[in-house]
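Structure assessment
Residue-level listing of the chains:
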Amino acid sequence: MVATGSLDTVLVLGRWPLYPSSPYAGLLLGKVALVVGMIAIALVNRYRLVPRMGSSPVAVGAWLRRNTLAELVVGGLVLIVSSGLSSLDPQ
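Every value quoted in this text rests on a predicted model; they were computed, and no experiment measured them.

On the surface, Leu69, Leu72, Val73, Leu77 and Ile80 cluster together into a nonpolar patch covering about 500 Å² of accessible area. Position of leucine 69 relative to the elements: it lies in helix 3 (residues 57-86).

Right under this line is the structure:
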């Protein structure tokens, strides 16, 4: 998903938006940051919390619930930003 999104960005803009020079580029960079945050939460869940499920399932379960809620909120924000992107001119 990250690779195809990056390729699509370069195809639409003709370059990678290093600076938010337009509303579109600013929203796009915000979306990238949100997706990176979602990936970070998923990596914490998979490699830090899941291996600890056997030793303290109640505490880890609470962390997993919080992280899952955080991922849902960030995912909703990604959808909101994506809808904003669809209404803007990429140039």
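Having seen the model, we can carry on.
Here helix 2 (residues 23-49) contains 27 residues, and its C-alpha end-to-end distance of 38 Å stays within 8% of the 39 Å for a straight helix at 1.5 Å per residue. All buried positions along helix 2 are accounted for by Tyr24, Ala25, Leu28, Ile41, Asn45 and Leu49. Among the structural elements, helix 1 (2-13) and helix 3 are those in contact with the buried residues of helix 2.

This part covers the nonpolar core. Within the largest apolar cluster, 5 residues are counted, these being Leu13, Tyr24, Leu28, Val81 and Leu85. Setting aside residues up to four positions removed in sequence, valine 81 forms contacts with Leu27, Lys31 and Leu34.

The terminal C-alpha atoms of helix 3, which comprises 30 residues, lie 42 Å apart, in line with the 44 Å expected from a rise of 1.5 Å per residue. As for helix 3, its buried residues are in contact with helix 2.

Scanning the entire structure with this criterion turns up 0 aromatic pairs. Taking the ring centre of tyrosine 47 as reference, the NZ or CZ of arginine 46 above it sits at 5.2 Å.

Basis of the calculations
Residues numbered from 1 in each chain as written. Predicted model: local features only at pLDDT ≥ 70, side-chain atom pairs only at ≥ 80, totals over all residues. Heavy atoms only, no water. Patch = residues over 30% accessible without salt bridge, like charges linked within 9 Å, V, L, I, M, F, W, Y side chains within 5 Å. Areas by Shrake-Rupley, 256 points an atom, 1.4 Å probe, with all protein chains shown as cover. Salt bridge = Lys/Arg side-chain N within 4 Å of Asp/Glu carboxyl O. Helix = DSSP H or I, 4+ residues; strand = E, 2+ residues; numbered from the N terminus. Expected span 1.5 Å × (residues − 1). Buried < 20%, exposed > 50% of the residue type's maximum accessible area, 1.4 Å probe, protein only. Contact = heavy atoms within 4.5 Å. Core = buried A, V, L, I, M, F, W, Y, C linked by side-chain atoms within 4.5 Å. Phe/Tyr/Trp six-rings, centres within 6.5 Å; stacked < 30°, edge-to-face > 60°. Lys NZ or Arg CZ within 6 Å of the ring centre and 35° of its normal.

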